[in-house]
Amino acid sequence: GLRVRFRVSPMSFFQTNPLGAERLYGMIREWVREAAPAQLYDLYGGMGGIAFSCADLVERVCSVENVPAASEDGRQNALDNGIANVDFVTERVKNHLKHLLQTGGMPPPSAAVVDPPRSGMHPKAIRRLVELGPPHLLYVSCNPKVLAGELPVFMEAYSIRRVRAVDLFPHTRHVEALVEMTLR
């Protein structure tokens, strides 16, 4: 299978359960393979775990993260692993999406993976992402309650194709939810 080594600095983020993360990233890879986009947007990309796990399936990955240390780790990890098609943008997701809207949108065919913090997405980020309308959207959530509150806005333009759960936190009540959506 795919082997990538990661450097994770103290201010950066990585899944706390490596075996669970491998399973999660495997599901994301499967989704990207099916969607077959040329460009993948990895929103709230951290140090590139999702971006790197899918880089060989697409022409380019744009990983957007507002924590500079995480973006820096991503750039270093890309160099260390010889991965040349992942771009790390250090910017708030809502600002990056605004910029995309002002400069012609996402190039077709695009897909987006959204993996926000527990607090979820900024309302402006949701609106802008729906307006950009990537044909395939995957929401990865560590807080299904917040996700449930955000889904109605997505449902204005998207249909839910599949919902899956991954237990990354055994013996706790936490679960990682994956919602696959397609533009109507």
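Anything mentioned here points back to the structure above.
Residues numbered from 1 in each chain as written. Predicted model: local features only at pLDDT ≥ 70, side-chain atom pairs only at ≥ 80, totals over all residues. Heavy atoms only, no water.

**Q** I would appreciate a short explanation of the overall build of the chain in the present structure.
**A** When helices and strands are tallied, the chain shows 6 helices and 7 strands. The N-to-C order of helical and strand elements in the chain reads α-β-α-β-α-β-α-β-α-β-α-β-β. Computed over C-alpha atoms, the radius of gyration of the chain comes to 15 Å, within 12% of the 16 Å expected from 2.2 N^0.38 for 184 residues, which places it in the range of a compact globule. Dimensions along the principal axes, computed over C-alpha positions, put the chain at roughly 40 × 40 × 30 Å. At a minimum sequence separation of 6, the contacts of the chain that also span at least 24 residues come to 71%. Split by element, the accessible area of the chain, about 9,100 Å² in all, is 54% carbon and sulfur. Taken together, the 21 basic and 19 acidic charged side chains of the chain have centroids lying 4 Å from each other. (Helix = DSSP H or I, 4+ residues; strand = E, 2+ residues; numbered from the N terminus. Rg over C-alpha atoms; globule rule 2.2 N^0.38 Å. Contact = heavy atoms within 4.5 Å. Areas by Shrake-Rupley, 256 points an atom, 1.4 Å probe, with all protein chains shown as cover. Lys, Arg positive; Asp, Glu negative; His and termini not counted. Charge placed at Lys NZ, Arg CZ, Asp CG, Glu CD.)

**Q** Mind showing me how you'd approach the packing of aromatic side chains here?
**A** Each aromatic ring pair is described using two quantities: the centre-to-centre distance and the angle formed by the ring planes. With the rule as written, the count across this model stands at 2 aromatic pairs. Taking 5.7 Å as the distance between ring centres and 55° as the angle between the ring planes, the aromatic pair formed by Phe52 and Phe88 counts as tilted. Of this pair, Phe52 sits in helix 2 (residues 49–54) while Phe88 sits in strand 3 (residues 86–90), and the two are 36 residues apart along the sequence. As far as the burial class goes, Phe52 and Phe88 line up, both buried. (Phe/Tyr/Trp six-rings, centres within 6.5 Å; stacked < 30°, edge-to-face > 60°. Buried < 20%, exposed > 50% of the residue type's maximum accessible area, 1.4 Å probe, protein only.)

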